[in-house]
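Given next are the chains, with one letter for each unit.
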Amino acid sequence: MSLAYARTDGLAVNAGRPYPATVAMAGVFALVIALLVLPWFDALGTALVAVAAAIGMAWLAQRQIGGQTGDVLGGAEQVAETAILVTLAAQLA
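Residues numbered from 1 in each chain as written. Predicted model: local features only at pLDDT ≥ 70, side-chain atom pairs only at ≥ 80, totals over all residues. Heavy atoms only, no water.

Points about the overall build of the chain
For clarity, the cut-off: Secondary structure elements are taken from DSSP: a helix is a run of H or I of four residues or more, a strand is a run of E of two residues or more, and numbering for both begins at the N terminus. Two residues form a contact once any of their heavy atoms are found within 4.5 Å. Surface accessibility in these figures is a Shrake-Rupley result with a 1.4 Å probe; residues are shielded only by whichever protein chains are displayed.
Per the secondary structure count, the chain includes four helices and zero strands. Helices (α) and strands (β) of the chain occur, in sequence order from the N terminus, as α-α-α-α. Principal-axis analysis of the C-alpha atoms gives the chain an extent of 45 × 25 × 15 Å. Within the chain, contacts between residues separated by at least 24 positions form 64% of all contacts whose residues are at least 6 apart in sequence. Carbon and sulfur atoms make up 71% of the accessible area of the chain, which amounts to about 6,600 Å² in all.

Put into structure tokens, the structure is as follows:
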């Protein structure tokens, strides 16, 4: 999923967009690490939670400001990471 830029003069525009192959490799790498340290069911569950959190953040950014900015990208990372940690804390408690 790719969002349009909210502003044409923001820093996110200068950062560019990663190639889809790079995004796929990063996702596979993260999933492999999760599978190495967690049971497979927990690893897949946390991956789904992270994806859902990022999609939710993208939806909110599109609705509120019409696209992405650098702050939206950083916020999406923080929301996804927090969702992963809360999910793992709930599963492993």
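There is more to say after this.
What to know about helix 3 (residues 40–65)
What counts here: By this rule, a helix spans an expected 1.5 Å times one less than how many residues it contains. Only protein chains enter the accessibility calculation, which uses a 1.4 Å probe; a residue whose area is less than 20% of its type maximum is buried, one above 50% is exposed, and one in between is partly exposed.
Taking 1.5 Å of rise per residue, the 26 residues of helix 3 would be expected to cover 38 Å, and the 37 Å separating its terminal C-alpha atoms lies within 8% of that figure. Every buried residue of helix 3 is listed here: Asp42, Ala43, Thr46, Ala50, Ala53, Met57, Ala58 and Ala61. Where helix 3 is buried, its residues contact helix 2 (20–37) and helix 4 (70–92). Among the residues trailing helix 3, Gly66 stands out with phi positive, at a value near 85 degrees.

Observations regarding the environment of Ala89
By the secondary structure assignment, Ala89 is in helix 4. A residue is classified by how much of its surface remains accessible, and Ala89, at 48% relative accessible area, is partly exposed. With 15 residues separating them in the primary sequence, Ala89 and Gly74 have C-alpha atoms 23 Å apart.

Remarks on the packing of aromatic side chains
Aromatic rings considered in pairs are described by the distance between their centres and by the relative angle of their planes. Our working rule: Only centres within 6.5 Å qualify two rings of Phe, Tyr or Trp (six-membered ring in Trp) as a pair; their planes then separate them into stacked at under 30 degrees, edge-to-face at over 60, and tilted for everything else. Ring-over charges, as used throughout, are those where CZ of Arg or NZ of Lys falls within 6 Å of the ring centre and within 35 degrees of the ring normal.
On inspection of all chains with the given rule, the structure shows one aromatic pair. Seen from the ring of Tyr5, Arg17 lies directly overhead, with NZ or CZ sitting 4.4 Å from the centre.

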